[in-house]
Amino acid sequence: MTIAVTTALLTFEELAEFKRFGQISIVEHSARLGIPWPVLASPAAVAFIAAMWVFARKGLGTAAARAPLLLGTSCWAFALVHETLDPLVFAYRAWELSYVLEETLEYSGTLCIGMTAAISMRRERHPPPAFQDRWHGLLLGAIVVTTVLGGLVIALLFRAPLVETLAPHTRAGTFGVTLQRQESVVQEFRMPATPVQSLRLLLSNCDPSGRAAMAAVRVTPLGAPDVTLAQGSVEVPVRDCPRWRDIELLPPITAEESQSLALHVAAHVEPGAELRVGATKGDLYPDGKFWVNGALAWPDQNLEFVLYGASEPTLSKLHGIWQLFTSDWRWWALAADVFIALIVITLIPALLAACVLQRHVAPRQHG
């Protein structure tokens, strides 16, 4: 009975994002309330965790299976917490990584619960040594591996966002500026303390006739449009509606800190075609004005963009990362979330592999 109830609750949690109740889904209803959908489904999640605890204490035929069951349930609970924090912490920064971590945590928890079933069917009296007295070393190894590999990723691949005007996860206050041939938008911004190497824009080309589009970018001093400091371009495929596009700036921008610069985004399209550029309301970037085809936009409107530093390990990159983490607590929360998730994801396969190896080595030693 306990397994049936907990399975039903877990199924509800997995399908709640897509299942419709009446005329509205859980996700749509939670968006109207302004809260993440896992929070709305949290009563079912709490009931599931309580049921699993009762099952671990009272329902298991052997105490040896408690450790992997509790570890697997903890993975599921942390996956739900991770999904709840996703809109607030990850936003549009690393949603692919967020999705992979969530699914891997759930799969890792399932592996542990599968081991619980195997131990229960064997009616073993003692848990495997890897879960009993050797997990400390495996946990330390997982921490070391995660720290080393994570440090290499940050040093060699991570790009610190130096300036960003990302809209909230609800996408409230966003709109698209439609540009035709030779039309453009201009966003004023302040030069950050470290060099700028790339740019991210929200672009779309919904032309059903099959005509490609090109977004050309130039950075100039404000008030001096003929002086080009950096430039780049990106092709926007047909029916690309919409998508974030990364544009490398050549050469990297190395202007004086806090200098007013202008980011020009022009549409190179066929006659009659259109390119749409993402923009926001709400004055998300109060340090710069916004022009559309030479006309000054409303004071609370800005281009939705992100400026990134270099990916190569340099002193300026380290300085940019430090400024990033001291500017917003959410970056610390994101780092802690990813670090803990990767440790768990690394630890569980190591535990299961150690259990299998110990089971094969022990008979040979007795023989």
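Everything that follows concerns the structure shown earlier in this document.
Quantities reported herein were computed from a predicted structural model and do not represent experimental measurements.

Rules used throughout
- Residues numbered from 1 in each chain as written.
- Predicted model: local features only at pLDDT ≥ 70, side-chain atom pairs only at ≥ 80, totals over all residues.
- Heavy atoms only, no water.
- Helix = DSSP H or I, 4+ residues; strand = E, 2+ residues; numbered from the N terminus.
- Buried < 20%, exposed > 50% of the residue type's maximum accessible area, 1.4 Å probe, protein only.
- Contact = heavy atoms within 4.5 Å.
- Areas by Shrake-Rupley, 256 points an atom, 1.4 Å probe, with all protein chains shown as cover.
- Core = buried A, V, L, I, M, F, W, Y, C linked by side-chain atoms within 4.5 Å.
- Expected span 1.5 Å × (residues − 1).
- Arc of directions from axis to C-beta.

A. Quick peek at the overall build of the chain. The helix and strand tally for the chain stands at 10 helices and 15 strands. For the chain, buried positions account for 39% of its 367 residues. The contacts of the chain with a sequence gap of at least 6 include a subset with a gap of at least 24, amounting to 79%. Looking at the chain as shown, the accessible area adds up to about 19,700 Å², and 63% of this sits on carbon and sulfur atoms.

B. How the structure looks around the nonpolar core. Judged by nonpolar contacts, the single largest core of 35 residues is most densely connected at F189, L199, L201, I253, L263, L303 and F305. At five residues, the largest contribution of residues to this core is made by strand β10 (residues 260-269). Dropping the residues within four chain positions of it, I253 is found in contact with F189, M191, P195, V196, V219, A230 and L261. In terms of nonpolar packing, the next biggest core, distinct from the first, is built from 13 residues, I119, F131, L347 and L351 among them.

C. Region of the structure containing helix α9 (residues 315-327). The end-to-end C-alpha distance of α9, which contains 13 residues, comes to 18 Å, matching closely the 18 Å that a straight helix rising 1.5 Å per residue would cover. Inspection of α9 places K317, G320, I321, L324 and F325 among the buried residues, and these make up the whole buried set. Taken down its axis, α9 places every buried residue within 130 degrees of arc, on the same side. Among the exposed residues of α9, those pointing more than 90 degrees away from its buried face are L315, L318, W322 and S327.

Fair warning: the whole summary comes from geometry, so function is off the table for now.
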